[in-house]
Structures are given as C-alpha cells and as structure tokens.
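Listed below are the residues making up each chain.
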Amino acid sequence: MDRAEMIKKLRSKLTEKRFVHSIGVEYTAATLAFKHGADVEKARVAGLLHDCAKCLPADEKLKKCKKYGLPISKVEKANPDLLHGKLGAYFAKEKYGVSDKEILSAITYHTTGHPDMCLLDKIIFVADYIEPNRRMIRELTEIRKEAYEDLDKCIIHILKNTLEYLDTGSAVIDDMTQKTYEFYVR
Ligand code: DGI
Ligand code: FE
Ligand code: FE
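Residues numbered from 1 in each chain as written. Chains lettered and ligands numbered in written order. Predicted model: local features only at pLDDT ≥ 70, side-chain atom pairs only at ≥ 80, totals over all residues. Heavy atoms only, no water.

Chemist: Before we move on, could you go through the site of ligand 1 and cite the residues and values that matter?
Modeler: For ligand 1, the set of nearby residues contains 18 residues, the closest of which are K54, T111, V172, D174 and T177. One nitrogen or oxygen atom from the side chain of H21 is found 3.1 Å from an oxygen atom belonging to ligand 1. At 2.7 Å, a side-chain N or O of T177 approaches an oxygen atom of ligand 1. Surface burial for ligand 1 is 82%, taken as the share of its 570 Å² of free accessible area covered by protein chains. Of the pockets mapped on this structure, ligand 1 occupies the largest pocket. Going through the elements one at a time, α2 (16–36) and α10 (151–168) are the ones with two or more residues in the shell around ligand 1. Split into classes, the residues belonging to the shell around ligand 1 amount to 5 nonpolar, 7 polar and 6 charged. (Near = heavy atom within 4 Å. Polar contact = N/O pair within 3.5 Å; in protein donor to acceptor, adjacent residues only side chain to side chain. Areas by Shrake-Rupley, 256 points an atom, 1.4 Å probe, with all protein chains shown as cover. 1 Å grid on protein atoms, 1.4 Å probe; cavity = no way out; pocket = protein on both sides within 12 Å on 5 of 7 lines; lining within 4 Å. Sits in = over half its atoms within 2 Å of the grid points. Helix = DSSP H or I, 4+ residues; strand = E, 2+ residues; numbered from the N terminus. Nonpolar A, V, L, I, M, F, W, Y, C, P; charged D, E, K, R; others polar.)

As structure tokens, this is what we get:
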C-alpha cells in the first residue's frame, strides 16, 4: 500500500483529532530519524500507523484481540486501551500490508515501551509523546529538546512523567511500563 492509500484507510478508522495526531507523529518520527540516523521511510510508516487501532471501543479491542489470538494480560483486560499497540501492529500487517518487523515492533510497543528498545522503537515512543499537536504536558519543552540531544534520557523523562501521572489516578501500571523505566534509569 502506498502512503495515499494508507492515509485514506486510516482517515476512515480514526477521529479527526487522532488522525491529525498520527500525521504529527509521522513527521516528528521522520525528524528524529534524520537526527539519529534511522530509516526515515520506516519511521514515517510506523508513526503514521501507530494508533490505527486506537479508536475502536474498549470491548471491540478485547474482542478483536481474542479473535486474532493476540495475548491479553490481566492489566490489559482491565485497561483494554493498552491493547491498541499490539492490535495496531496486527492491523498494520494484515490490513495495511506492512511486513517489516521493525515497524511492527515499534507499533506494538509504542505505549509502554519495552526494555532494550531498538532505535525505531525509541523514535516512535518519543515521537508519540512530543509531536506538535499534543496538548502541553508537564516539562514537554524540555522533553522535546532532549529528544534531539539524548534519546535515552528523553525516554527516561517520558516514562517518569507517565508513571507519576498514572500514580495520581486509579490506573494500574502495566509491568512493561515499569520494567522499561527500570531498564533505562539504571
Ligand atoms: O495513544 P496515544 O494517546 O497517542 O498515546 P499512548 O499510546 O502512549 O497512550 C497513552 C495512554 O496510555 C495514557 O493515557 C497513559 C496510558 N498508559 C501508558 N502506560 C500505561 C498506561 N495506562 C495504564 N493503565 N498502565 C500503563 O502502564
Ligand atoms: Fe497510542
Ligand atoms: Fe499516539
């Protein structure tokens, strides 16, 4: 599928706001790929499609994961929104014709990260957080600078903010989010 076809399909699956965010992540991921020496085209495709499963209702996310045999952890069952990464990777492969393993990995792990991420995983994780259409989050200006100076430092900063944010609410912290933070902070 070329970019125009992907865009057309994606637009029909997402809200306007989520679509605009996805375009923002595509371009931000491209700039990070320029800076850090990753494959620019892969970064664009992963950025564009990373949230392609985001706008399904929670029960549909669960249903589709079951249907396609994708594993569902306890935390994911209680917070089905966490499934949009792995379900998104499945859709990218089956419905958008993406076979590249690195792209599919970056989509799979974009919400929680995972320990020892490869460069493309990191770029998508960061681009998702810093893209220009994101509403201002605490320390976002600083985090945006770090993204182009020290990618690992930036990842630690994002995870620290996310963990603190989750801690103030009632959300259960996914093991992977915690493990990723511990991996990069040590
Ligand atoms: O899909 P986006 O909104 O663009 O961004 P995302 O995929 O990073 O998802 C962000 C949401 O995911 C945010 O509301 C916090 C939530 N989240 C991230 N890590 C965890 C988590 N929620 C739970 N319950 N546990 C986590 O570890
Ligand atoms: Fe997401
Ligand atoms: Fe996103």
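Chemist: I'd like a rundown of the coordination of the iron ion (ligand 3), residues and numbers included.
Modeler: Distances from the iron ion (ligand 3) to its protein donors, H21 (NE2), H50 (NE2), D51 (OD) and D128 (OD), fall at 2.1 to 2.2 Å. Binding-site remark: the iron ion (ligand 3) is held by donors from one chain whose sequence spacing is H-x28-H-D-x76-D. Between the iron ion (ligand 3) and the iron ion (ligand 2) the interatomic distance amounts to 3.5 Å, and D51 serves as a bridging ligand to the pair. Judged on exposure class, the residue H50 and its partner D51 are both buried. (Donors = N, O, S within 2.8 Å, 3.2 Å for Na, K, Ca; no water. Buried < 20%, exposed > 50% of the residue type's maximum accessible area, 1.4 Å probe, protein only.)

Chemist: Can you lay out the nonpolar core for me, pointing to particular residues and giving the numbers?
Modeler: Generally speaking, soluble globular proteins have nonpolar side chains that are buried together. One finds L10, L49, V98, I123, V126 and I130 to be the most contacted residues of the largest nonpolar core, which totals 52 residues. Here this core gets 8 residues from one element, more than from any other, and that element is helix α8 (residues 119–130). In this structure, V126 is in contact with L32, A147, L151, C154, I155 and I158, ignoring residues within four places of it in sequence. (Core = buried A, V, L, I, M, F, W, Y, C linked by side-chain atoms within 4.5 Å. Contact = heavy atoms within 4.5 Å.)

Chemist: Explain the coordination of the iron ion (ligand 2) residue by residue, including any values.
Modeler: Each pair of donors in an ideal octahedron of six around a metal sits at 90 or 180 degrees, and each pair in an ideal tetrahedron of four sits at 109.5 degrees. Looking at the iron ion (ligand 2), one finds its protein donor set to be D51 (OD), H84 (NE2) and H110 (NE2), positioned 2.1 to 2.2 Å from the metal centre. Read in sequence order, the donor residues for the iron ion (ligand 2) give the motif D-x32-H-x25-H. Overall, H84 belongs to the buried group, its relative accessible area being 2%. What makes H110 buried here is its relative accessible area of 1%.

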